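Examination of the molecular architecture
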Amino acid sequence: MSLEYILTMIANNWPMFLRGAGMTLFVSIIGTIVGAIIGLLAGVIRTIPVPENKSKRIFLKLVNLILSIYIEFFRGTPMIVQAMVIFYGSALAFGIDMNVTVAALVIVSINTGAYMAEIVRGGVISIDRGQFEAAQAIGMNHMQTMLNVVLPQVIRNILPATGNQFIINIKDTSVLNVIGVTELYFQTKTVAGISFKYFEPFFVACVLYFVMTFSVTLILRYFERKLDGPENYSMTGTKAL
Amino acid sequence: MEKVIDIQHLSKSYGSHEVLKDIDFSVKKGEVVCIIGSSGSGKSTLLRCINLLEKPSGGQIIYHGENILDHKHDIHAYRTKLGMVFQQFNLFNNHNVLSNCVVGQVKVLKRSKEEAETVAKKFLKVVGMDQYVNAKSKQLSGGQKQRVAIARALSMEPDVMLFDEPTSALDPEMVGEVLKVMKELAETGLTMLIVTHEMEFAREVSDRVVFMDKGVIVEDGSPEQIFNNPTHERTKAFLKRTIK
């Protein structure tokens, strides 16, 4: 092993690494965003207060049951196994020949959605009852309360957990190499396979993964500060004595 | 005079515990009514039942000739007619002072943003908070928060204002500024229903005082009558304990 070898290897294979890193970022960004949307929807539905109307109550129970099954199933099985089941299963059961990239996006999205649903539910529960009551007292319904008062606060509060999920996705998309997604781990393995040298390519991959996750951390911190707004406020008009 | 809210045989239980027992009570237009009584007497629950933050177990709430406990009734539209001020202020944390007073008008009453802001500023001026439109809830003192909360409720231009112990969570030095605002509102002829422990204030501003104990209305009369010549033993005992 030498520094010289690593540099030559990078010089010869950088498009492979770059494409791999690009794919990793693409799948994890889309997966996190779609997953967050699924999580928000599921979280809002799971916190709807029990309706008075009987048929509505039964319908809501049914929806909640389906959501629970979804969440428990996808949190409770490894993504690598889900990837195999969904990718090969869709071909076997429905005769759909899934594009691997589409398959990757679907798997990461629904997996993230299951985790995010619980994160959002926790976020909604943590909002003070008084916020809900004040919104209801001025005549807002559940949807208006959620959109205008609760969710903006929930989103701010779950941003660190969402960042965590994003970072986990960047790393865990590596398991998608089992269905042939050309993400960073897959590309690194290919580079290593050509030269039969393993340490150097994976060392480079290691650095690339860290650069990606750390950049995400920094960007999200910046967003958190943005969302918090300025510490000070300006008075308008003249202050009465 | 016309009754704004007429409550008949209202009851509320949590399991087997009966918090409100067969309450008959009404508020007329322009009246200022204070509800007094010791903690746990059911006065806050009564107020919260009126705007349905608590679901009554039985009885009727008649508003404009209609029983709003009928399932068909639109409770969201009804609530816009009742302004609520909470003990813990409950300003929306994600909105600044102005948008706290604007969001309900725009989203629920479907007013334009311009109109809503004009209305909001008018009421923020009434409570003396018009200079703080850009401030967030966490940047205000308790008294300031409560005054904004009053402006938020007024901005919906309700028929009745409900106050649930509006000064109980305040530092003593801030109680005065909130009571002053409420006193000014009472003088404008606004219909107000106030749950309070401020006896001096109740005596001064109310047209009527209601004394509650153990889930029932024990005595209901003019401030002079309740404070100077209470007829029931329980009222006498309560006043003796609270007024030094």
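This one's a predicted model, so the numbers in the text were calculated from it and none came from an experiment. (Residues numbered from 1 in each chain as written. Chains lettered and ligands numbered in written order. Predicted model: local features only at pLDDT ≥ 70, side-chain atom pairs only at ≥ 80, totals over all residues. Heavy atoms only, no water.)

Points about the nonpolar core
The nonpolar side chains of soluble globular proteins are, as a tendency, buried together. Test applied: To define a nonpolar core, start from buried Ala, Val, Leu, Ile, Met, Phe, Trp, Tyr and Cys residues and group those joined through side-chain atoms within 4.5 Å. Classification of residues uses two cut-offs on accessible area relative to the type maximum, computed with a 1.4 Å probe and protein chains only: under 20% is buried, over 50% is exposed, and between them is partly exposed. Going along the chain from the N terminus, every DSSP run of H or I of four or more residues is numbered as a helix, and every run of E of two or more is numbered as a strand. Any two residues whose heavy atoms approach within 4.5 Å at even a single point are treated as in contact.
If you look at the biggest cluster of nonpolar residues, it comprises 52 residues, and the most contacted ones within it are Ile36, Leu124, Ile150, Met161, Phe163, Met182 and Met192 of chain B. With eight residues, helix H6 (residues 172-187) of chain B is the single largest residue contributor to this core. Those residues within four positions of Met192 of chain B in sequence are excluded, and the remaining contacts are Glu31, Val32, Val33, Met161, Phe163, Met182, Leu185 and Ala186 of chain B. Ala134, Ile138 and Leu151 of chain A together with Ile50 of chain B belong to the second largest nonpolar core, which has 51 residues in total.

Quick look at the sheet that holds strand S5 (residues 66-67) of chain B
Residues and elements named next belong to chain B. To keep it simple, the criterion reads: Two strands make a pair as long as DSSP finds a minimum of two bridges between them. The angle between two axes is taken between their N-to-C directions and runs from 0 to 180 degrees, where each axis is a line fitted to C-alpha atoms and a helix contributes only its stretch in contact.
Strand order in the open sheet made by the four strands is S2-S1-S4-S5, with antiparallel pairing throughout. Whereas interior strands pair on both sides, the edge strands pair on one side only; in this sheet they are strand S2 (17-28) and S5. In the sheet, strand S1 (residues 3-14) pairs with strand S4 (residues 58-63) via five bridges, with the strands oriented antiparallel. Directly across from Asp6, in S4, lies its bridge partner Ile62. Together, S1, S2 and S4 form the strand contacts of helix H1 (residues 43-50), whose direction differs from that of S1 by roughly 120°.

A look at the packing of helix H4 (residues 100-126) of chain A against helix H6 (residues 142-172) of chain A
Two quantities define a packed helix pair, namely the angle between the helix axes and the distance between the axes. Residue and element names in this part refer to chain A. Note the threshold: Reported orientations rely on four angle classes, namely roughly parallel under 35 degrees, roughly antiparallel over 145, roughly perpendicular from 65 to 115, and oblique for the rest. Take the far helix as your reference; a near helix turned counterclockwise from it by less than a right angle gives a left-handed crossing, and one turned clockwise gives a right-handed crossing. Residue type decides the class: Asp, Glu, Lys and Arg count as charged, Ala, Val, Leu, Ile, Met, Phe, Trp, Tyr, Cys and Pro as nonpolar, and the leftover types, Gly among them, as polar.
Orientation of H4 relative to H6, taken along the N-to-C sense of each, is 135°, at an axis distance of 9 Å. Taken together, the axes of H4 and H6 are oblique relative to one another. Between H4 and H6 lies a crossing whose hand is right-handed. For the pair formed by H4 and H6, the contact residues are Val108, Thr112, Tyr115, Met116, Ile119, Val120, Gly123, Val124 and Ser126 on the first element and Met146, Val150, Val154, Asn157, Ile158, Ala161, Thr162, Gln165 and Asn169 on the second. Taken together, the residues of the contact of H4 with H6 break down into 11 nonpolar, seven polar and no charged.

Section: the pairing of strand S3 (residues 32-36) of chain B
Of all five residues making up S3 of chain B, five are buried, and the element is well covered by its neighbours. Covered by surrounding structure in S3 of chain B are Val32, Cys34 and Ile36 of chain B together with Val33 and Ile35 of chain B, the residues of both alternating faces.

Focus on the side chain of Arg111 of chain B
All names here are of chain B. Note the following rule: Whenever a nitrogen or oxygen atom comes within 3.5 Å of another N or O atom, the pair is scored as a polar contact, on the condition that within protein one atom can donate a hydrogen and the other can accept it, and that pairs from neighbouring residues in sequence are kept only if both atoms are in side chains.
Along the chain, Arg111 turns up in the loop between helix H3 (97-107) and helix H4 (113-126). Judged by relative accessible area, which is 16%, Arg111 ranks as buried. Polar contacts involving the side chain of Arg111 include one to the side chain of Glu157, which spans 2.6 Å. Those residues in contact with Arg111 that sit more than four places away from it in its chain are Gln105, Val106, Val119, Ser155, Met156 and Glu157.

So, the packing of aromatic side chains
Where we set the bar: Any two rings among Phe, Tyr and Trp, with Trp reduced to its six-membered ring, count as a pair given centres within 6.5 Å; such a pair is stacked if its planes are under 30 degrees apart, edge-to-face if over 60, and tilted if neither.
Here the structure, examined in full by the defined rule, presents nine aromatic pairs over all chains. Judged by centre distance (5.5 Å) and plane angle (55°), the ring pair of Tyr70 of chain A and Phe74 of chain A falls under tilted. Of this pair, Tyr70 of chain A and Phe74 of chain A both sit in helix H2 (residues 54-76), four residues apart, roughly one helical turn. A centroid spacing of 5.1 Å and a plane angle of 35° characterise the contact between Phe211 of chain B and Phe238 of chain B, whose relative ring orientation is tilted. You can see Phe211 of chain B sitting in strand S9 (residues 208-213) and its partner Phe238 of chain B sitting in helix H9 (residues 233-242), a full 27 residues away along the chain. Both residues of the pair, Phe211 of chain B and Phe238 of chain B, count as buried. In this structure an aromatic cluster arises from ring pairing among Tyr70, Phe73 and Phe74 of chain A.

A few points about the interface of chain A and chain B
Quick note on the threshold: Here's the idea: put two parts together, see how much 1.4 Å probe accessible area each one loses, and the total over both is what we call buried area. Put simply, a salt bridge is a Lys or Arg side-chain nitrogen that is within 4 Å of an Asp or Glu carboxyl oxygen.
Facing 28 residues of chain A, the contacting portion of chain B comprises 31 residues. Together, Ala137, Ile138 and Tyr233 of chain A form the three largest contributors to the area buried by chain A at its contact with chain B, with a combined 24%. For the salt bridge of Arg48 of chain B with Glu133 of chain A, the shortest nitrogen-to-oxygen distance reads 2.6 Å. Sorting the residues of the side of chain A that touches chain B by element identifies helix H5 (129-137) and H6 of chain A as the ones contributing at least two each. Examining the composition of the side of chain A that touches chain B, we find that seven residues originate from one element, H5 of chain A, more than from any other. Considered class by class, the residues forming the side of chain A that touches chain B number 11 nonpolar, 12 polar and five charged.

What about the UniProt feature "domain: ABC transporter" (unreviewed entry) in chain B?
Short version of the rule: UniProt positions are given in the numbering used here, feature names are shortened, and annotations may be inferred rather than shown by experiment.
UniProt records the feature "domain: ABC transporter" (unreviewed entry) for residues 5-239 of chain B in the present numbering. Note that residues 5-239 of chain B is 38% helix and 26% strand, and that its end C-alpha atoms are spaced 27 Å apart.

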